[in-house]
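Architecture at a glance
Letter by letter, the chains look like this.
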Amino acid sequence: MGEQTVQLDPLDARLISLLAAEPRIGVLELSRRLAVARGTVQARLDKLIARGAIKGFGPEVAPDVIGFGVTSFVTLEIIQRYGHDAVAEHLAEIPEVLEAHTITGGGDILCRIVARSNADLQRVIDQIVGYAGIGRAHTIIALAELIPYRTVPLVRSAIRS
């Protein structure tokens, strides 16, 4: 980590931006809008996918729209003898855990979780800390999303660097 492994150029950035804005767009339409050959678009896509720059084309689901209106961030302190991997396996079994990252600072793992309500959030937290490898949890409830997860500005920045 830390070193850029995929060099992006302006065409890559435009391609990624179009895909981010319209995930269902086809290769032919991409080539038309980008004013390049279909084969060029396909080759660029294949390269970006093979090198891991584009991770997927799946739908982006809005948890609040499907009934999970409470988002929170939980910092976990783990019991070190259990290790991060065992705790990660436990967290992966809980559907409301959307992501988890090892971190530096006061905790060991930071999770983004969702719940149906504040009462349901308690159930999810109880399920998380019910594992012997987790010693303590600190929870912060998100009130509003100001900037959603995004990568297009980052892609544009990468081509300027």
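Scroll up for the structure.
Residue indices follow the written sequence of each chain, beginning from 1 at its first position. Per-residue local features of the predicted model are confined to residues with pLDDT of at least 70, and side-chain atom pairs are confined, for both listing and counting, to 80 or more; whole-chain, interface and lining totals are unaffected and use all residues. Excluding hydrogens and water, the side-chain values take into account all heavy atoms of the structure.

**Concerning helix 1 (residues 10–21)**
Runs of H or I in DSSP of at least four residues are treated as helices and runs of E of at least two as strands, each being numbered from the N terminus. Helix span is expected to be 1.5 Å times the residue number reduced by one. Taking 1.5 Å as the rise per residue, helix 1 with twelve residues should run 16 Å; its terminal C-alpha atoms sit 16 Å apart, in good agreement. The classification of residues rests on relative accessible area computed with a 1.4 Å probe and restricted to protein chains. Under 20% of the type maximum is buried, over 50% is exposed, and intermediate values are partly exposed. The set of residues buried in helix 1 consists of Leu11, Asp12, Ala13, Leu15, Ile16, Ser17, Leu18 and Leu19. Of the surrounding secondary structure, the elements contacted by the buried residues of helix 1 are helix 2 (27–34), helix 3 (38–50) and helix 6 (152–160). Any N or O atom pair separated by 3.5 Å or less is treated as a polar contact, with the protein-specific requirement of one donor-capable and one acceptor-capable atom, and with residues adjacent in sequence counted only for side-chain atom pairs. Its side-chain oxygen 3.0 Å from the backbone nitrogen of Leu11, Asp9 forms the N-cap of helix 1. The contact criterion used is simple: two residues touch if any of their non-hydrogen atoms lie within 4.5 Å.

**Details of the environment of Val129**
Its location among the elements puts Val129 in helix 5 (residues 118–129). Spatially, the C-alpha atoms of Val129 and His90 are 9.9 Å apart, while their sequence positions differ by 39 residues. The residues touching Val129, leaving out its near neighbours within four places in the chain, are Ile134 and Ala137.

**A look at helix 4 (residues 83–92)**
Within helix 4 the residues assigned to the buried category are Gly83, Val87, His90 and Leu91. Buried residues along helix 4 cover an arc of 115° about the axis, so they all sit on one side. Those residues of helix 4 that are exposed and aimed more than 90 degrees away from the buried face are Asp85, Glu89 and Ala92. Along the arc lie the directions from the helix axis toward the C-beta atoms.

**Describing the sheet that holds strand 4 (residues 134–142)**
As summarised here, the arrangement of the four strands in space is 2-3-1-4, forming an open sheet in which the pairing is antiparallel. If you trace the sheet from one side to the other, it starts and ends with strand 2 (97–102) and strand 4, each paired once. When the angles between neighbouring strand axes are averaged without regard to direction, this sheet yields 20°. Pairing of strand 1 (residues 70–78) with strand 3 (residues 109–115), which is carried by seven bridges, proceeds in the antiparallel orientation. Two strands make a pair as long as DSSP finds a minimum of two bridges between them. Only C-alpha atoms enter the line fits that serve as axes; for helices the fit covers just the stretch in contact. Angles between N-to-C directions range over 0 to 180 degrees.

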